[in-house]
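# Geometric and topological summary
Read off the chains here:
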Amino acid sequence: CHNKCVFCFIDQMPPGMRETLYFKDDDSRLSFLQGNYVTLTNMDDEEIDRLIKMRVSPINISVHTTNPDLRVLMLKNKNASKIYEIMKKFSDNNISMNCQIVLCKGYNDKDELDRTLNDLANLYPAVESVSVVPVGLTAFREGLCQLKAFNAKDSYEVINQINEWQEELLEELGTRFVYLSDEFYINAKLPIPKADEYEGFPQIENGVGLLSSLLDEFGTAIEHLNKKNVKRTVSVVTGTLVFEHINDLCKKLEMEVSGLKVNVYKVKNEFFGGGVNVSGLIVGQDIINQLSGCELGEEVFISSSMLKADEDIFLDDVTLSELSQKLGANVVPVDNDGFDFVEKITGLSVEF
């Protein structure tokens with residue numbers, strides 16, 4: 001990747017981590033194969049034509065803005081201005097796209113966000129969906145562009161703006177089209193939208209709608225849980241962002257299952273610092289430092305998103321087995337799945 005994006009998370013990584021975590025990847029093949037989002041700035045016309053010829057679809061695109069000058073400014077790449085021209089070409093050749101906007105205060109928000117959404121909606125149905133996520137800021141931003149996190153007021157304004165777009169597009173196109181990440185609703189202290197408002201969760205791989213999906217599946221799982229009395233104490237580890245939601249779910253489980261005790265531990269992200277509060281970026285050493293000496297019970301449950309996709313290892317190279325050894329309890333990953341959540345924590349089965 002030849003970009004120098006103002007919001008790049010890799011530029012904000014702590015020193016001393018494994019080498020692969022500093023590799024900037026903007027490979028369109030991984031967009032198709034693994035759902036990665038790419039900027040298309042690192043491709044020439046021949047490569048764009050090859051994607052069309054090979055019928056590579058859908059393509060997940062990090063758009064951020066359709067304003068050519070602003071996109072060059074945000075991505076620090078002169079080729080960034082061509083994005084809408086390329087997307088029109090994809091649309092004309094029936095290549096479908098999903099889009100992402102990393103929202104940065106003072107850059108691509110407010111009127112610029114309206115402009116971008118209007119442009120992208122004009123490419124529907126080739127552009128199938130758009131996600132809007134807030135910029136992630138760690139404590140390691142020395143020498144980088146000054147950016148500010150979205151506070152409660154900012155988040156409330158973004159939600160209102162997107163709600164207006166969803167209402168308009170639902171009427172015009174038959175789809176809400178654009179979806180916000182959970183952080184905005186939690187920061188604004190507003191309810192998470194219902195599952196049907198995400199229309200099949202087209203952006204869930206991008207972390208959009210994860211909590212709504214979990215809550216929806218949890219409700220169904222509770223209804224079909226093979227309830228028995230148990231004698232079981234377990235613990236759940238979560239980030240600060242979703243702590244209240246996860247704690248509420250665990251309290252409901254305790255009410256449903258006699259003899260179940262669930263300790264829910266909120267782990268602050270000291271490793272990355274800044275405003276990082278999502279569960280997926282919690283590292284092993286933070287769990288060890290903050291949970292050592294706590295009542296843990298028979299098992300400790302963590303989100304599987306904390307681990308590398310193909311290996312039981314955290315971002316700080318602590319392994320799952322090392323964590324279990326340090327805590328003196330078996331640590332078990334749980335998928336972002338309400339059924340998996342209920343079954344693993346209760347030790348009971350969900351039966352239909």
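Overview of the structure. (Residues numbered from 1 in each chain as written. Predicted model: local features only at pLDDT ≥ 70, side-chain atom pairs only at ≥ 80, totals over all residues. Heavy atoms only, no water.)

### Details of the packing of helix α5 (residues 110–121) against helix α6 (residues 152–173)
Closest axis-to-axis distance for the α5/α6 pair is 12 Å, and the angle between their directions is 20°. On the basis of their axis angle, the class for α5 and α6 is roughly parallel. Two packed elements cross with a definite hand, and for α5 against α6 that hand is right-handed. Residues K110, L113, D114, L117, N118 and A121 of α5 touch α6, and the partners they reach there are E157, Q161, I162, W165, L169 and L173. Residues belonging to the contact of α5 with α6 are distributed by class as follows: seven nonpolar, two polar and three charged. (Axes fitted to C-alpha atoms, helices over the stretch in contact; angles between N-to-C directions. Helix = DSSP H or I, 4+ residues; strand = E, 2+ residues; numbered from the N terminus. Parallel < 35°, antiparallel > 145°, perpendicular 65-115°, else oblique. Left-handed = near helix turned anticlockwise from the far one by under 90°. Contact = heavy atoms within 4.5 Å. Nonpolar A, V, L, I, M, F, W, Y, C, P; charged D, E, K, R; others polar.)

### Section: the pattern of salt bridges
For the coordinates displayed, the defined rule picks out 13 salt bridges. One salt bridge in this structure joins E157 and K153, with 2.7 Å as the shortest N-O distance. Here E157 and its partner K153 are both found in helix α6, four residues apart, which amounts to about one turn of the helix. Residue classification places K153 among the exposed residues on the basis of a relative accessible area of 55%. (Salt bridge = Lys/Arg side-chain N within 4 Å of Asp/Glu carboxyl O. Buried < 20%, exposed > 50% of the residue type's maximum accessible area, 1.4 Å probe, protein only.)

### Some words on the sheet that holds strand β4 (residues 178–180)
Overall, parallel pairing links the four strands, which are arranged β1-β2-β3-β4 in an open sheet. The outermost strands of the open sheet, each flanked by one partner alone, are β1 (59–62) and β4. Geometrically, the sheet is characterised by an average inter-axis angle of 20° between neighbouring strands, direction not taken into account. As defined by bridge partners, strand β3 (residues 127–134) adjoins β4 across three bridges and the pair is classed as parallel. (Pairing = 2+ DSSP bridges.)

### A few points about the environment of L225
Tracing the backbone shows L225 in the loop between α8 (210–223) and β5 (232–239). With a relative accessible area of 7%, L225 lands in the buried category. For the pair formed by L225 and E351, sequence separation is 126 residues and the distance between their alpha carbons is 6.2 Å.

### As for the pairing of β5
Remember that side chains alternate between the two faces of the sheet whenever the strand is regular. Of all the eight residues making up β5, seven are buried; the element is thus mostly covered by neighbouring parts of the structure. Judged from the eight bridges that link them, β5 and strand β6 (residues 260–267) form a sheet pairing that is parallel. Of the residues in β6, the one forming a bridge with R232 is L260. Pairing geometry for β5 and strand β7 (residues 299–303), over three bridges, is parallel. Paired with V234 across the strands is E299, a residue of β7.

No statement about biological role is implied by the geometric values presented.
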